[in-house]
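A structural walkthrough
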Amino acid sequence: MAGSQLKQLKAALKAKGLVGQTNVKKKNKKAAPSETRKDQEEKKRALGKIHDEFNLFDNRINRAKHDYTIIQGGKFVKAGSKQHNDTAKSRPGVEQAMKLNYDADKKLRNRAGGLVDRRFGEKNKNLTEEEKMLERFTKERQSSSKKNVFSLGSDDEYEDDDDLALTHSGKAISFEQDFDEGDLGVPEKRYVDEDSEQPPKKKSKKDVMAEIIAKSKFYKKQRQMEFQKTQDEIMDLDDEFGDIIGDLHKLAPKGSAFKPKSQEDIEYDNKVRELTYDRRAVPADRTKTAEELAAEHSEKMKKLEADRLKRMDGLNEDRAADADDLDDEFWENDSEKEEEEEASGSESESEESESERRPRKAPSVSMPSGHPQFAENVKNMKGDQVIEHIKKIGEVYHPRLAEGNKEKMDNFVGIIFEHILHISNEEVVDSKLVDDLTKLLRTMAEKYNQALVETVRLTIDDIKERILKNELRKGDLICFVVLGYLFSASDHYHLVITPALIVMNQFLNNEIGQTNVDNIGKGLFFCDVLLQYQSFAKRYDPEIVMFLERALLFLLPEPKKLVETLSARKVDGKTNLSKKFHPKFSPERLQVLEIFKSPTDEMKFHLIGRAFAIIDRLMNLWKDKSAFLEVLRPLVHITKHASRYYGSQLPQLQSMLERMGKLDTNLSKSRKPLTLQEHRQLAIKTFAPKFEENFNPDKKLYDENRDRQELNKMKAQIKKEKKGALKDLRKQTRFTARQQISEKKDMYSTYHKKMANIVNTISTEEGAERNLYERERKKRANQKK
């Protein structure tokens, strides 16, 4: 039936007389009688048949994995056949079919029919039949513990097998004979045409076994003969050994006396003996080229830089100590002491030369309990003596010598830090002693830093209180310099550096609001320290720039011109230098002691020079920042204003202006306004309108390509069949799950019933025995009475 499925359906209905004009009335004919029940049933059966023909999903055959026959309706029906499938359309039929399949699979579960061929080489395609037979025969003989005349290999190679002869029909086997003999033992004569090509004769199993046995006996006999021959030769040599030695003594020349070894021979023997006990040389590492060394150095530097960046970003997490981790002090040896002694040896060579002339006693040292006691112990010592005293304490109280020395050394490092601040607050500061103590403190802080951190944090709290009271001391400034030398200032967060940054920036922020000329030097000192802290991290610190602008506004002549440019607060001009002021000396590096003195005009000029030196330093540090253009332009106006008055005294201002101009130009060129993301322009597809003369709105798809239409139809059918198959699989899975649950319930119910019966039986028996015991007890009690 050609055409679409709709046309086929219409044709089938028309053929059955179920469609067409049925309400035509004719004047000369009687009206058609109404349909009877029989006609309605026939019509229903015809519609059902047509429906079955067009609904292929219901008519498909449910094939089972295993064919089996069942009794249905008094007849034998093959499960999975069309007869059985007709009854599986309804839900009860489907359930019954699945139950039959499940029962059949359950019967065949964990059962395997047939025999397993375990013969050697049966499934190996690389072995020929002869090789398989040979291997099987060998394994069979090896597994057999009973010895017989056919044993091929014997453990005793010296066994004499002359009395065991391999026979065939009462005759010994020889390689010259033909094994294919008749019943009487006479070789059968065969005549072969030499001109004709005859196929090679295939050996039988009997021939192969006979050949194998004969070869084995032949090789065994040959090995025994060779061994016996060797043994005879050895015995002959043993018998003739004495005669040979006597002949050798006779042949020796007369008068050959023993000569002692010369000195050279003795030395040679000693060298050979020493070389025998020397350790063998181990191959050394290959000498690396300059390029390889440079590459290793580059990789090491990259790793260090990556670790530093992680610390800056706060991504470096301390690893928890493992059970096998040991402190560095555990493996330390006296080499550390020797290194420290070598480091200080060059400085004390002159003192040792003098001390060698006279005997000296080893000074006895004790661990101070606090800084006051330590200061009292070293108050009469010079700088080098203080260093030696500290080193001696470190040697005497080394953690390896006694328990508790580690905690004492931790506290001692904090005492050294306090002593550095103590001597920094004196009127005359020994700068060399401060430097030496700081270097020694850094070395000791690498091992003992727990108490040092707590001491430093308490010191920073005290400095904060003095900043609020405007009572800073020289030791407070030195404290921040020492902290930058002891700890890593580039970390994103640090227990010591972060509070120090906060305190210094707090001081600058307070001075920005109300600038005190007496504190300008201290603020410049803090700016210098903050830039030193950021030399690696290069983080931007806005307080530095704002303080520099405010400080120069209070120092440079004619500040009104700067106020208009900077849009800053107005100043009264009392603290500014006069435009008629001409400095006598060029600015030098400021000392900490000068910062705490009342500022003079010369001092103010020195502060101006120092401020521009800090500006030059921050330009090199922050020039790569994207927003540095906004930071740079106010500094350009200040530098131009200062160059008008002190261009000759501060020659670096002109070079700074040139650099600032180049930076401004480059940063301005690199600036680009923000734009939206640009996408490639795509043309809009245009289609010419299409018209179809015989348009039918009921038709779902209009596709002129016949192949594509058939392909889409096939895809739709595959999708439909796949959906139906998945539906059946899910239904089968659910049915299997229900059956398994039902079986488990039945099993549990049977088990509980069985256990209940056992318990009841035991209880009944126990009750009967108990009653019997009570009756017997009462009976005996009555007898006693």
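As the structure is a prediction and not an experimental result, all values here were calculated from the model.

The next subject is the overall build of the chain. Scanning the chain for helices and strands turns up 26 helices and four strands. Expressed as a percentage of the 785 residues in the chain, the buried residues total 26%. Sequence-distant contacts, at least 24 apart, represent 67% of the contacts inside the chain between residues at least 6 apart.

Before going further, it helps to examine helix H19 (residues 520-533). Between its first and last C-alpha, H19 extends 20 Å over 14 residues, near the 20 Å set by a 1.5 Å rise per residue. Taken across its 14 residues, H19 has 13 buried, putting it largely inside the fold.

To continue, consider the nonpolar core. Grouped together as the largest cluster of nonpolar side chains are 104 residues, with contacts concentrated most on Phe 480, Leu 483 and Tyr 533. The biggest single contributor to this core is helix H23 (residues 601-622), with twelve residues. Every residue in contact with Phe 480, bar those within four places of it in the chain, is listed here: Ile 463, Ala 500, Val 503, Met 504, Phe 526, Val 529 and Tyr 533.

Side chains of Lys 719, Lys 723, Lys 727, Arg 730, Lys 731 and Arg 734 sit close together on the surface and give a patch of like positive charge. Residue placement: Arg 730 occurs in helix H26 (residues 706-784). Since its relative accessible area comes to 49%, Arg 730 is described here as partly exposed.

The contact between helix H1 (residues 5-15) and helix H2 (residues 37-54) brings their axes to 11 Å, and the two run at 155°. Taken as axis vectors, H1 and H2 run roughly antiparallel relative to one another. Relative to H2, the crossing made by H1 is right-handed. Together, Gln 5, Gln 8, Leu 9, Ala 12 and Leu 13 of H1 and Leu 47, Ile 50 and Phe 54 of H2 make up the contact between the two elements. Considering only residue class, the contact of H1 with H2 consists of six nonpolar, two polar and no charged.

Helix-helix packing is described using two parameters, namely the angle between the two axes and the distance between the axes. For the pair H19 and H23, interaxial distance at closest approach is 10 Å and the crossing angle is 20°. Judged by the inter-axis angle, H19 sits roughly parallel to H23. The interaxial crossing formed by H19 with H23 has left-handed handedness. Contact residues: H19 offers Ile 520, Gly 521, Leu 524, Cys 527, Asp 528, Leu 531 and Gln 532, while H23 offers Leu 607, Arg 610, Ala 611, Ile 614, Arg 617, Leu 618, Leu 621 and Trp 622. Residues of the contact of H19 with H23, tallied by class, amount to ten nonpolar, two polar and three charged.

Moving on, we come to the packing of aromatic side chains. We describe a pair of aromatic rings using the distance from one ring centre to the other and the angle between the two ring planes. Considering all chains together, one arrives at seven aromatic pairs under this definition. Relative to Phe 526, the ring of Phe 480 has its centre 5.5 Å away and its plane inclined at 85°; by these criteria the two rings are edge-to-face. Taken as a pair, Phe 480 in helix H17 (residues 474-486) and Phe 526 in helix H19 lie far apart in primary sequence, 46 residues in all. What makes Phe 526 buried here is its relative accessible area of 0%. Relative to Tyr 646, the ring of Phe 605 lies with its centre 5.3 Å away and its plane at 65°, an arrangement referred to as edge-to-face.

Let's shift gears to the confidence of the model for the chain. Mean pLDDT for the chain: 77, with 74% of residues reaching 70 or above. Scored below 50 in pLDDT, residues 175-196 makes 18 contacts in the model with residues more than four places away or belonging to other chains. Note on residues 318-362: pLDDT under 50 across the span, and 20 contacts to partners over four residues away in sequence or across chains.

Let us now look at a negative patch on the surface. Together, Asp 232, Glu 233, Asp 236, Asp 238, Asp 239, Glu 240, Asp 243 and Asp 247 make up a negatively charged patch on the protein surface. Turning to its location among the elements, Glu 240 is positioned in helix H7 (residues 205-251).

Now for the environment of Asn 505. Of note, Asn 505 is situated in helix H18 (residues 497-513). Residue Asn 505 is classed as buried on the basis of its relative accessible area, which comes to 15%. In sequence terms Asn 505 and Glu 543 are 38 residues apart; their C-alpha atoms lie 6.4 Å from each other. Non-local contacts of Asn 505, meaning those with residues more than four positions away in its chain, are made with Leu 530, Asp 541 and Glu 543.

With respect to the secondary-structure elements, Arg 466 resides in helix H16 (residues 450-468). In this structure Arg 466 touches Glu 471, Leu 472, Arg 473 and Asp 476, once residues within four positions along its chain are discounted.

Inspection of every chain in the model, using the stated rule, returns 20 salt bridges. Lys 106 is paired through a salt bridge with Glu 743; the nearest N and O atoms lie 2.9 Å apart. Remark: Glu 743 occurs in helix H26 and Lys 106 occurs in helix H5 (residues 91-108); sequence separation between them is 637 residues. Among the ionic pairs, Lys 432 bridges to Asp 436, the shortest N-O distance being 3.0 Å. A residue pair is termed a helical-turn pair when its members lie 3 or 4 positions apart in one helix, as Lys 432 and Asp 436 do in helix H15 (residues 431-445) at four residues.

Looking now at H18. Here H18 is 17 residues long and its end C-alpha atoms lie 25 Å apart, about the 24 Å a rise of 1.5 Å per residue gives. Among all positions of H18, only Ile 497, Thr 498, Ala 500, Leu 501, Val 503, Met 504, Asn 505, Phe 507, Leu 508, Glu 511 and Ile 512 are buried. Elements in contact with the buried residues of H18: H16, H17, H19 and helix H20 (542-553).

On to unusual backbone geometry, then. Positive phi values are uncommon outside glycine, yet Asn 470 reaches one of about 60°. Take Asn 470: it is sitting in the loop between H16 and H17. Positive phi is not limited to glycine here, since Lys 538 has a value of about 60°. In this structure, Lys 538 sits in the loop between H19 and H20.

Moving on, we come to a nonpolar patch on the surface. A cluster of nonpolar side chains, contributed by Phe 241, Ile 244, Ile 245, Leu 248 and Leu 251, occupies part of the molecular surface with about 510 Å² of accessible area. One can find Ile 244 in helix H7.

You can see Met 98 is positioned in helix H5. Sequence separation between Met 98 and Lys 731 is 633 residues, and the spatial gap between their C-alpha atoms is 9.5 Å. Among residues more than four places away in sequence, those in contact with Met 98 are Lys 731, Gln 732 and Phe 735.

The rules behind the values
Residues numbered from 1 in each chain as written. Predicted model: local features only at pLDDT ≥ 70, side-chain atom pairs only at ≥ 80, totals over all residues. Heavy atoms only, no water. Helix = DSSP H or I, 4+ residues; strand = E, 2+ residues; numbered from the N terminus. Buried < 20%, exposed > 50% of the residue type's maximum accessible area, 1.4 Å probe, protein only. Contact = heavy atoms within 4.5 Å. Expected span 1.5 Å × (residues − 1). Core = buried A, V, L, I, M, F, W, Y, C linked by side-chain atoms within 4.5 Å. Patch = residues over 30% accessible without salt bridge, like charges linked within 9 Å, V, L, I, M, F, W, Y side chains within 5 Å. Areas by Shrake-Rupley, 256 points an atom, 1.4 Å probe, with all protein chains shown as cover. Salt bridge = Lys/Arg side-chain N within 4 Å of Asp/Glu carboxyl O. Lys, Arg positive; Asp, Glu negative; His and termini not counted. Charge placed at Lys NZ, Arg CZ, Asp CG, Glu CD. Axes fitted to C-alpha atoms, helices over the stretch in contact; angles between N-to-C directions. Parallel < 35°, antiparallel > 145°, perpendicular 65-115°, else oblique. Left-handed = near helix turned anticlockwise from the far one by under 90°. Nonpolar A, V, L, I, M, F, W, Y, C, P; charged D, E, K, R; others polar. Phe/Tyr/Trp six-rings, centres within 6.5 Å; stacked < 30°, edge-to-face > 60°. pLDDT = per-residue confidence, 0-100.

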